[in-house]
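Listed here are the chains, written in short residue letters.
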Amino acid sequence: MLSETLNPDEIDPPFAKKTGLPPEWIVARSPVPYPEALAFMEARVAAIHEGSAREMVWLVEHPPLYTAGVSAKKEDLIAPDRFEVFDAGRGGQYTYHGPGQRVVYVMLDLNQRRKDVRAFVEALEQWIIATLWRFNVEGHIRDGRVGVWVERKDKGYAPLTEDKIAAIGIKLRRWVSFHGISLNVEPDLSHFDGIVPCGITEHGVTSLLDLGLPVTMDEVDYALKSSFEAIFGPVEEK
């Protein structure tokens, strides 16, 4: 299990690259249109597989939009005219992207790491949980609910509610990953009202700001990088 491989006493990160240069860590400084992101990932993943480009972790924000994963249900798109809707081609259902949300596209060659899809998803989950813990937020994984969740004890205990703070949706092509994760830092949470996020109706969404943590995107990026390196090994900032 991944929880065992993430023992801090281990010398090597559990998903470290076997050989070669570390992945590039790139932060987009302006919003990236979603079609441009898809086209870029397609080209980069092909180049990584061919050996003509390095792995890459790409941190972006998008204009407000909805994306549909391969399992998306038509009835879960409540407000189809509110924002543009894009077919993402990744796993999962509907999700929202927009300003104040950190989207991280993870383009890694699992041929050079560990060819285990389940363990890779668990590693992404643990990356998010470790990032949240740096802000004293305890993230949880729940069976049957993809993503990372937080208990809303501030809303009471009868019953104890849970809200989603981060989503995960990946795709693999010849064992090279793309798409990735999204973490709610300070998005407009009302924008999620136009969909049933990830097909789950009985739970809400939250953000670091909603939890009373007005942190900056730079602070989140620093936490993401440090937590990533503990699991996937070093990166090179560009």
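Please refer to the structure placed before this passage.
Below you will find a few notes about this structure. As the structure is a prediction and not an experimental result, all values here were calculated from the model. (Residues numbered from 1 in each chain as written. Predicted model: local features only at pLDDT ≥ 70, side-chain atom pairs only at ≥ 80, totals over all residues. Heavy atoms only, no water.)

What follows covers the pattern of salt bridges. Tallying each qualifying case throughout the model produces 20 salt bridges. Close ionic contact of R142 with E162 constitutes a salt bridge, the shortest N to O distance being 2.6 Å. Remark: E162 occurs in strand β9 (residues 162-173) and R142 occurs in strand β7 (residues 140-142); sequence separation between them is 20 residues. Assessed through its relative accessible area of 10%, E162 is described here as buried. A salt bridge links D163 to R152, with the nearest nitrogen and oxygen atoms 2.9 Å apart. (Salt bridge = Lys/Arg side-chain N within 4 Å of Asp/Glu carboxyl O. Helix = DSSP H or I, 4+ residues; strand = E, 2+ residues; numbered from the N terminus. Buried < 20%, exposed > 50% of the residue type's maximum accessible area, 1.4 Å probe, protein only.)

Attention shifts here to the pairing of strand β10 (residues 176-184). Among the nine residues in β10, nine count as buried, and that is most of the element. Looking at chain direction, strand β6 (residues 101-107) and β10 are connected through five bridges and run antiparallel. Directly across from V104, in β10, lies its bridge partner I181. Both β9 and β10 contribute to a ladder of eight bridges, which runs antiparallel. Bridged to L172 within β10 is S177. Between the antiparallel neighbours β9 and β10 lie two residues, among them R174 with a positive phi of about 55 degrees. (Pairing = 2+ DSSP bridges.)

Quick look at helix α3 (residues 117-133) now. In a regular helix each residue adds 1.5 Å, so 17 residues correspond to 24 Å; α3 covers 24 Å between its end C-alpha atoms and thus fits that length. The distance from a side-chain oxygen at the start of α3 to the backbone nitrogen of R118 is 3.2 Å, and the residue carrying that oxygen is D116. (Expected span 1.5 Å × (residues − 1). Polar contact = N/O pair within 3.5 Å; in protein donor to acceptor, adjacent residues only side chain to side chain.)

Glancing now at the nonpolar core. Ranked by size, the top nonpolar core spans 38 residues in total, and within it W25, F120, W127 and F232 carry the most contacts. Looking at this core, the element that brings in the most residues is α3, giving eight residues. The residues contacting W127, other than those within four sequence positions of it, are W25, V104, V106, I181, L224, S227, F228, I231 and F232. Counting residues in hydrophobic clusters, the runner-up holds 18 residues, among them A37, V45, M56 and L65. (Core = buried A, V, L, I, M, F, W, Y, C linked by side-chain atoms within 4.5 Å. Contact = heavy atoms within 4.5 Å.)

Because an α-helix completes one turn every 3.6 residues, residues spaced three or four positions apart along the sequence face the same direction. Under the 1.5 Å per step criterion, the end-to-end length of helix α2 (residues 34-50) is 25 Å for 17 residues, consistent within 8% with the ideal 24 Å. All buried positions along α2 are accounted for by Y34, A37, M41, R44, V45, A47 and I48. For α2, the angular spread of the buried residues around the axis is 165 degrees, confining them to a single face. Facing away from the buried surface of α2 by more than 90 degrees, the exposed residues are E36, A43 and E50. G51 sits one or two residues past α2 and shows a positive phi near 85 degrees. (Arc of directions from axis to C-beta.)

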